[in-house]
Amino acid sequence: MKIYTRHGDKGKTQIIGASMIPKSDSRVEAYGTVDELNSWVGYTASILTSKTQEMRAELEEIQQILFDIGRDLATISTDKKHEYVFTDDLSAKQTKWLEDLIDKYVAAAPKIDRFILPGGSPEASAFHVARTITRRAERRIVALQEQDSINANTMVFINRLSDYFFAAARYANVKNGQDDILYRNGNPVFK
């Protein structure tokens, strides 16, 4: 199997159900950022220690879901041959699963009333990077959504995913005995 097509040599790529489009297209930006996030999640899973190993399976599941989201983002809405894989039913289950994990991790971490600095343990730091990549992916998806209709389920899951990474970072710090660092100039904002 050859992995090169030479299409990219001219700054173009082929998306599902369509002809070639420029690599600068907002659709490519959206699914490309999701791909970047997926790679970072894989890296994060690779640095888990015995204290945070319990999170590995959920990170692998998130990677599977991100592949589905990337596929859907690479599919134009008028394509009748390829259906979205991230269906309403599947999305609702996976979003609920994320929300349950978020609730678990928030309950395990000390209460905070102000912003924290991203960091702490290596795993927490990696989760914070994942959170910021997720936010960028969300902005790219919104930009695409302004130009073309997309699978709306992706927005819900991606929005919740950034919350998951925040909660997971705090949980990783708890598991490692590392305190979060409060932003020194912050006033209480969370009640």
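What counts, and at which threshold
- For every chain, the first residue of its written sequence is number 1, and the numbers climb from 1 along that sequence.
- Per-residue local features are limited, in this predicted model, to residues with pLDDT of at least 70; the limit for side-chain atom pairs, both in listing and counting, is 80 or more; totals at the level of whole chains, interfaces and linings are taken over all residues.
- Side-chain metrics rest on all non-hydrogen atoms present in the structure, leaving aside hydrogens and water.
- Angular values range over 0 to 180 degrees, each being the angle between N-to-C directions of two axes fitted as lines to C-alpha atoms, with helices fitted over their stretch in contact.
- A run of DSSP states H or I qualifies as a helix once it reaches four residues; a run of E qualifies as a strand once it reaches two. Both are numbered from the N-terminal end.
- An angle below 35 degrees is treated as roughly parallel, one above 145 as roughly antiparallel, one from 65 to 115 as roughly perpendicular, and anything else as oblique.
- Left-handed is the label given to a crossing in which the near helix is rotated counterclockwise from the far helix by less than a right angle, and right-handed is the label when the rotation is clockwise.
- Under this grouping Gly is polar, as are all residues other than the nonpolar Ala, Val, Leu, Ile, Met, Phe, Trp, Tyr, Cys and Pro and the charged Asp, Glu, Lys and Arg.
- Only Phe, Tyr and Trp rings are paired, with Trp represented by its six-membered ring, and only when their centres lie within 6.5 Å; those with planes under 30 degrees apart are stacked, over 60 edge-to-face, the remainder tilted.
- Definition used for salt bridges: Asp or Glu carboxyl oxygen within 4 Å of a side-chain nitrogen of Lys or Arg.
- Here's how the labels work: a residue is buried when its accessible area is under 20% of the maximum for its type, exposed when over 50%, partly exposed in between, all with a 1.4 Å probe on protein chains only.
- Contacts between residues were defined by any pair of non-hydrogen atoms, one from each residue, lying within 4.5 Å.
- Exposure above 30% relative accessible area and the absence of a salt bridge qualify a residue for a patch, where like charges join within 9 Å and nonpolar side chains (Val, Leu, Ile, Met, Phe, Trp, Tyr) within 5 Å.
- Computed by Shrake-Rupley with a 1.4 Å probe, the accessible areas treat only the displayed protein chains as cover when residues are assessed.
- Under the rule applied, a polar contact is a pair of N or O atoms within 3.5 Å (in protein, one hydrogen donor and one hydrogen acceptor; residues adjacent in sequence only if both atoms are side-chain atoms).
- For our purposes a nonpolar core is just a set of buried Ala, Val, Leu, Ile, Met, Phe, Trp, Tyr and Cys residues, chained together by side-chain atoms within 4.5 Å.

Asker: Which residues make up the packing of helix H4 (residues 122–145) against helix H5 (residues 153–175), and what are the values?
Answerer: Contact pair H4 / H5: the axes reach a minimum separation of 8 Å and the direction vectors enclose 165 degrees. Looking at the two axes, H4 sits roughly antiparallel to H5. The handedness of the crossing between H4 and H5 comes out as left-handed. Per-class residue counts for the contact of H4 with H5 are 14 nonpolar, seven polar and five charged.

Asker: Give me the environment of Asp-88: which residues, what numbers.
Answerer: Inspection of the secondary structure assignment puts Asp-88 in helix H3 (residues 88–108). A C-alpha to C-alpha distance of 17 Å links Asp-88 and Leu-161, two positions 73 residues apart in sequence.

Asker: Which residues make up the packing of aromatic side chains, and what values go with them?
Answerer: Centre-to-centre distance and the angle between the planes together describe a pair of aromatic rings. This structure, assessed with the given rule, holds six aromatic pairs. Measuring from ring centre to ring centre gives 4.8 Å for Trp-40 and Tyr-43, while their planes differ by 40 degrees; the resulting arrangement is tilted. Taken together, the residues span about one helical turn, with Trp-40 and Tyr-43 both in helix H1 (residues 26–46) at a distance of three residues. Taking 5.5 Å as the distance between ring centres and 80 degrees as the angle between the ring planes, the aromatic pair formed by Phe-115 and Phe-190 counts as edge-to-face.

Asker: Give a description of the pattern of salt bridges that names residues and reports values.
Answerer: Under the defined criterion, the tally for this structure stands at 12 salt bridges. One salt bridge connects Lys-96 with Asp-100, and the closest N-O pair in it is separated by 2.6 Å. You can see Lys-96 and its partner Asp-100 sitting in helix H3, four residues apart, about one turn around the helix. Across the pair Asp-180 and Arg-170 runs a salt bridge, and its minimum N-O distance is 2.6 Å. Placement of Asp-180 in the loop between H5 and strand E4 (181–182) and of Arg-170 in helix H5 is noted, with a sequence separation of 10 residues between them. Note on Arg-170: relative accessible area 6%, which makes it buried. Salt bridges linked by common partners bring Glu-54, Lys-104 and Lys-175 together as one network.

Asker: A description of the packing of H1 against helix H2 (residues 56–73) should follow, citing residues and the corresponding values.
Answerer: The interhelical angle for the contact between H1 and H2, taken along N-to-C directions, is 170 degrees, at an axis separation of 9 Å. Between H1 and H2, the interaxial angle falls into the category roughly antiparallel. In this structure, the crossing between H1 and H2 has a hand that is left-handed. Across the interface between the two elements, Arg-27, Ala-30, Tyr-31, Val-34, Leu-37, Asn-38, Val-41, Gly-42, Thr-44, Ala-45 and Ser-46 of H1 pack against Arg-56, Leu-59, Ile-62, Gln-63, Leu-66, Phe-67, Ile-69, Gly-70 and Leu-73 of H2.

Asker: A description of a nonpolar patch on the surface should follow, citing residues and the corresponding values.
Answerer: On the surface, a nonpolar cluster with roughly 550 Å² of combined accessible area is contributed by Phe-115, Leu-117, Ile-181, Tyr-183, Val-189 and Phe-190. Counting through the fold element by element, Val-189 comes out in the segment after E4.

Asker: How would you explain the environment of Ile-21 if you had to name every residue and give the values?
Answerer: Summarising the element assignment, Ile-21 is placed in strand E2 (residues 20–22). Here Ile-21 falls in the buried class, since its relative accessible area comes to 14%. Spatially, the C-alpha atoms of Ile-21 and Gly-11 are 8.5 Å apart, while their sequence positions differ by 10 residues. Residue contacts for Ile-21: discarding those within four places in its chain leaves Gly-11, Lys-12, Thr-13, Ile-15 and Val-28.

Asker: So what about the side chain of Asn-151? Which residues, and what values?
Answerer: Mapped onto the elements of the fold, Asn-151 is located in the loop between H4 and H5. Within the local environment of Asn-151, its side chain forms a polar contact with the side chain of Asp-72, the two groups lying 2.8 Å apart. Only 3.1 Å separates the side chain of Asn-151 from the backbone nitrogen of Asn-153, close enough to count as a polar contact.

Asker: Outline the nonpolar core, supporting the account with residue identities and numerical values.
Answerer: Core analysis: the biggest nonpolar cluster contains 42 residues, and Leu-161, Tyr-164 and Phe-165 have the highest contact counts within it. Counting only elements with at least two residues in this core, the list comes to H1, H2, H3, H4 and H5. Sorting elements by how many residues they give to this core places H5 first, with 11 residues. Those residues within four positions of Tyr-164 in sequence are excluded, and the remaining contacts are Glu-58, Leu-59, Ile-62, Leu-98, Leu-101, Ile-102, Tyr-105 and Phe-127.

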